[in-house]
Amino acid sequence: MIHPQRHAGRRWVHEALECLAQEAARSADTHLLKLNFPGFHGIDFYFKDEASHPSGSLKHRLARSLYLYALCNGRLGQDQTVVDASSGSTAISEAWFARLLGLRFIAVMPACTAPGKIRDVQALGGEVDLVDDPAQVHARAAEHAARGACHLDQFGLAERATDWRGNNNIAELIIGQLARERFPEPHWIVCGAGTGGTSATIGRYLRYRRLHTQLCIADPAGSGFVRGWQGNDRSAVASRPTLIEGIGRPRVEPGFVFEVVDHVIGVPDEASIAGAWLLGEWFGHRYGGSSGTNLVACLSLAAAMRAEGQRGSIVSLLCDRGERYAETLFDPHWLATHGIDRSRHEASLRHSIETGCTPTPGTPST
């Protein structure tokens, strides 16, 4: 005999899973936008617009997967509070899904998080617990979990929560969208290292499909991933802080899978910010700093391909909406306060686009 309370709990889980399945069916796939640059004849650039998700970023996919993982593992039940540690975009997406499921959500965020992101979480009904020391966000989230909240744990579970074999994952969708293009099997796919979930999914899927496509991680110079990958050292920590939110982790996270990554490019913050401004110019609306990081890496890879006489395609991601950074990366006063002069790097990127050369100043990896 099944206990009535347990039966009711299982019924709620089934209803929640159906709600998530309905949301996924309603969500059209994000566009794959194409750019051609004068200096790179024979190389096609594609940018998958993940900012067009309902919650405004690449993390919409991750948040759905984390909720599914928690529900199917029996970790999340009716009327239970949900918590996670996030610098912004994941928290916004998790708050979006919490509202869909009628659950209370708490985002543990560094106090230095862009104000626009904090407001977005709150606008979706989420609560924000700001922590002065960014290194303590995980411990604070664990405190909430100890009091009964379900910890979605994006950094611990991202790489296992997403089905990398298929099931509508981002790698499968990219390859499907390229099917009618002149280079349907891309030479490179470029992404950053936030939780590690996206890079692990893409890298595993490329191997699963027996594709020759290589995976490049574009991350802030000196980040935990950059330094850890270079030395195959999971104890590595960042050599410098970064202004690029969402990537550039200070340590090697549990979800980082070095073995599926073929190359890593460390990008200076000023170059990433310059890249973000250029993307806004080309597409008519702005994207965040990590999208600029991806752009710089794409141009560096394309320059190497051109030098070797190679043709092909490069695919990367437009990660989140630039409006979230109106008071930071796109505010001239904020940039001046932080000593950022994007003009030198912007000129370098424009020169690369026109001539096909490697962007300079260079992109140091340490």
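What you see is a predicted model; the values in this text were computed from it and never measured. Numbering of residues starts from 1 in every chain and runs along the sequence as written. Predicted model: local features are reported for residues with pLDDT of at least 70 only, side-chain atom pairs are reported and counted for 80 or more only, and whole-chain, interface and lining totals are derived from all residues. Side-chain numbers here rest on the full set of heavy atoms in the structure, without hydrogens or water.

This paragraph deals with the sheet that holds strand β3 (residues 82-85). Spatial ordering of the open sheet is given by β5-β4-β3-β6, a layout of four strands whose pairing is parallel. Of all the strands in the sheet, the pair left with one neighbour each is β5 (127-131) and β6 (150-151). A strand pair is defined by DSSP finding two or more bridges across the two strands. Helix and strand assignments follow DSSP, with helices taken as H or I runs no shorter than four residues and strands as E runs no shorter than two, numbered in order from the N terminus. Pairing of strand β4 (residues 105-110) with β5, which is carried by five bridges, proceeds in the parallel orientation. Opposite Val 108, over in β5, you have Asp 129 as the bridge partner.

Time to look at the pattern of salt bridges. By definition, a salt bridge exists where a carboxyl oxygen of Asp or Glu is found within 4 Å of a side-chain nitrogen of Lys or Arg. Under the criterion given, the structure shown has 22 salt bridges. Linking Arg 204 and Glu 159 is a salt bridge whose minimum nitrogen-to-oxygen distance equals 2.7 Å. Highlighted residues: Arg 204 in helix α8 (residues 197-208) and Glu 159 in helix α6 (residues 154-161), separated in sequence by 45 residues.

Okay, the pairing of strand β8 (residues 214-220) next. Within β8, six of the seven residues are buried, which leaves it mostly tucked inside the rest of the structure. One ladder, built from four bridges, connects strand β7 (residues 188-191) with β8; its direction is parallel. Looking across to β8, one finds that Val 190 is bridged to Cys 216. For the handedness criterion, the β-α-β arrangement of β7, α8 and β8 is classed as right-handed. Taken together, the five bridges between β8 and strand β9 (residues 263-267) define a ladder with parallel strand orientation. Note that in β9 the partner of Pro 220 across the bridge is Val 267. The crossover handedness rule: strands pointing away from the viewer, path from first strand over the helix to second strand clockwise, crossover right-handed. Between β8 and its parallel partner β9, the chain crosses via helix α9 (residues 224-231), and the hand of that crossover is right-handed. Relative accessibility decides the category of a residue: with a 1.4 Å probe and only protein chains considered, values under 20% of the type maximum give buried, values over 50% give exposed, and everything between is partly exposed.

Attention now goes to the state of the cysteines. The disulfide criterion is simple: two cysteine sulfur atoms within 2.5 Å. Evaluated as defined, the whole model comprises zero disulfides. Here Cys 72 stays unpaired: no disulfide links it, and the sulfur of Cys 150, its closest cysteine neighbor, is 12 Å away. Taking relative accessible area as the criterion, Cys 72 reaches 57% and is therefore assigned exposed. The cysteine Cys 357 is free of any disulfide, with Cys 298 supplying the nearest cysteine sulfur at 16 Å.

Here helix α5 (residues 137-146) has its buried residues at Val 137, His 138, Ala 141 and His 144. Projected down its long axis, α5 shows its buried positions confined to an angular sector of 115°, all on one face. Along its buried surface, α5 packs onto β3, β4, β5, β6 and α6. Looking one or two residues beyond α5, the residue adopting positive phi is Gly 148, at roughly 110°. Each direction from the helix axis to a C-beta atom contributes to the arc, which is the arc of those directions. Should any heavy atoms of two residues lie within 4.5 Å, those residues are considered in contact.

On to helix α13 (residues 343-355), then. What a helix is expected to span follows from its residue count: subtract one and scale by 1.5 Å. Along its 13 residues, α13 runs 18 Å from first to last C-alpha, staying within 8% of the 18 Å computed at 1.5 Å per residue. Among the residues of α13, His 345, Glu 346, Ser 348, Leu 349, Ser 352 and Ile 353 are the ones counted as buried. Here the buried residues of α13 occupy an arc of 160° about the axis, which is enough to place them on one side. Along α13, exposed side chains directed more than 90 degrees from the buried face belong to Arg 344 and Glu 354. Contact partners of the buried residues in α13: α10 (269-283) and α11 (289-307). Downstream of α13 by a residue or two, Gly 356 has a phi angle that is positive, lying close to 85°.

This part covers the packing of aromatic side chains. Planes of paired rings set the category: under 30 degrees apart is stacked, over 60 is edge-to-face and the rest tilted, where pairs are Phe, Tyr or Trp rings (Trp by its six-membered ring) whose centres lie within 6.5 Å. Tallying each qualifying case throughout the model produces twelve aromatic pairs. Taking 4.9 Å as the distance between ring centres and 70° as the angle between the ring planes, the aromatic pair formed by Phe 225 and Phe 256 counts as edge-to-face. A residue pair is termed long-range when its members are at least 10 positions apart, and Phe 225 in helix α9 and Phe 256 in the loop between α9 and β9 qualify at 31 residues. Judged by its relative accessible area of 2%, Phe 256 falls in the buried class. Through a chain of ring-to-ring contacts, the aromatic side chains of Phe 37, Phe 40, Phe 45 and Trp 282 assemble into a single cluster. When the ring centre of Phe 258 is taken as reference, the NZ or CZ atom of Arg 234 above it lies at 5.2 Å. Sitting over the face of the ring of Trp 277, Arg 286 holds its NZ or CZ atom 5.1 Å from the ring centroid. For a Lys NZ or an Arg CZ to count as sitting over a ring, it must be within 6 Å of the ring centre and within 35 degrees of the ring normal.

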